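Observations on chain architecture
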Amino acid sequence: MARVLETVDQRTQLVGENRLELLLFRINATQLFAINVFKVKEVVKLPPLSALPGSHSSIKGVANIRGTSIPVIDLRAAIGFQPRVDDGDANLIITEYNRSIQGFMVGQVEHIINMTWGDIMPPPKSTGAHNYLTAITKVEVEGVTQLVSIIDVEKVLAEIIHYDISLSEGVLDHDLAANMYGRKILIADDSSTARRQVKETLEPLGIEVIETSDGLQALQVLQKWCDEGKDVYNEILMLITDAEMPEMDGYRLTHEIRKDKRMNKLYITLNTSLSGSFNNAMVEKVGCDKFISKFQPDLLVGVVQDRLRQVV
């Protein structure tokens, strides 16, 4: 445990080669859960909490971590289990998503595993649309294969934090409005919540959003159009892709598109909850056209308008 707590902040560099590291933890005695290490800032023992009256029922209070006040979310309660009973053995996983910092109260923190995105599978369709999983995988623990559930943190946060999809005054270029109707945009994101946020922002502007839930699906859609003799650039205005997805991440997706002469000029925007400084470097490395961090409707519409100005 001590080793995990001491080193997790230094092990967030493995991204861009269709690989990831997962931090495994438990919120009950029987199941293993995980989140991507890259989104973890720190893991600490749960400190004393200050009450936050009027907050969401899953927020257990506020922790003071080296002078910073961090809201603490009971992950058990947030994904539908009974709230955690404080047994003195809880840990706090401090994360950064969508430009906000929050802590998730969990039980035992296990260890970190290194995997490829090809080892990560979408949750079974039988789990329904209301589950809190973005993916699943399997690991060997003391010779026994165990299922690991990867939490859809964006969905958890969207149910606790209100995300405003309205546009600020002056963002929408009304001279371009007529050119938006009938345009199509392909999105690749494993989070149904993230896909919905994009759709609810762009569809009122007359843009049709074509959804895929991972990079491989998006690539197969594009390849199918090419194989059918369709001009990809006429089919869609642009691709908006997440960075982290099962089967194929957004970096690898971009790499595969750039090496295919039939579609290598496709305009690609990386739209991710990961930190900006790292992704700006990755955008340059793999050849994306733009990077925006989730969830910022003004920036999303701004990117679409910038692209439209290039083609109208």
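Worth saying up front: this structure is predicted, and the values here are computed from it rather than measured.

1. Let's talk about the sheet that holds strand β13 (residues 238–241)
- The strand order β12-β11-β13-β14-β15 describes an open sheet built from five strands, whose pairing is parallel. Looking at strand neighbours, the two that pair on one side only are β12 (208–212) and β15 (290–293), the edges of this open sheet. Put simply, the sheet's adjacent strands are angled 25 degrees from each other on average, direction ignored.
- In this structure, strand β11 (residues 184–188) lies alongside β12, joined through five bridges in parallel fashion. Within β12, the position partnered with L186 by the bridge is I210.
- Contacts from helix α6 (residues 215–227) reach β11 and β12 within the one sheet, and its direction differs from that of β12 by about 120 degrees.

2. As for empty space enclosed by the protein
- Evaluated as defined, the whole model comprises three cavities of 30 Å³ or more.
- Taken as a whole, the largest cavity encloses approximately 200 Å³ of empty space.
- Along the wall of the largest cavity there are 20 residues; nearest its centre are K39, T134, I151, D190 and E244.
- For the lining of the largest cavity, the secondary-structure elements that each account for two or more residues are β1 (19–25), β2 (32–36), β9 (133–141), β10 (144–151) and α3 (153–160).
- Grouping the amino acids of the lining of the largest cavity by side-chain chemistry returns nine nonpolar, three polar and eight charged.

3. Section: the packing of aromatic side chains
- What the rule picks out here adds up to two aromatic pairs.
- On the basis of an interplanar angle of 25 degrees and a centroid distance of 6.4 Å, the ring pair of F25 and F33 is categorised as stacked.
- Relative accessible area serves as the criterion here: at 1%, F25 is assigned to the buried category.
- Aromatic pair F33 and F81: ring centres 6.4 Å apart, planes at 85 degrees, arrangement edge-to-face.

4. Things to note about the environment of E159
- Relative to the elements of secondary structure, E159 occurs in helix α3.
- In terms of polar contacts, E159 uses its side chain to reach the side chain of Y132, at 2.6 Å.

5. Let's talk about the sheet that holds β1
- One open sheet holds the five strands; their spatial order is β8-β1-β2-β10-β9, and the pairing between them is mixed. The sheet is open, and its two borders are formed by β8 (109–116) and β9, each paired with just one other strand. In this sheet, neighbouring strand axes are inclined to one another by 35 degrees on average, regardless of whether the strands run parallel or antiparallel.
- Where β9 and β10 come together, eight bridges link them in antiparallel fashion. Bridge pairing in β10 places E140 opposite T145.

Cut-offs used in this document
Residues numbered from 1 in each chain as written. Predicted model: local features only at pLDDT ≥ 70, side-chain atom pairs only at ≥ 80, totals over all residues. Heavy atoms only, no water. Pairing = 2+ DSSP bridges. Helix = DSSP H or I, 4+ residues; strand = E, 2+ residues; numbered from the N terminus. Axes fitted to C-alpha atoms, helices over the stretch in contact; angles between N-to-C directions. Contact = heavy atoms within 4.5 Å. 1 Å grid on protein atoms, 1.4 Å probe; cavity = no way out; pocket = protein on both sides within 12 Å on 5 of 7 lines; lining within 4 Å. Points joined across faces, edges and corners; volume = space filled by probe spheres on them. Nonpolar A, V, L, I, M, F, W, Y, C, P; charged D, E, K, R; others polar. Phe/Tyr/Trp six-rings, centres within 6.5 Å; stacked < 30°, edge-to-face > 60°. Buried < 20%, exposed > 50% of the residue type's maximum accessible area, 1.4 Å probe, protein only. Polar contact = N/O pair within 3.5 Å; in protein donor to acceptor, adjacent residues only side chain to side chain.

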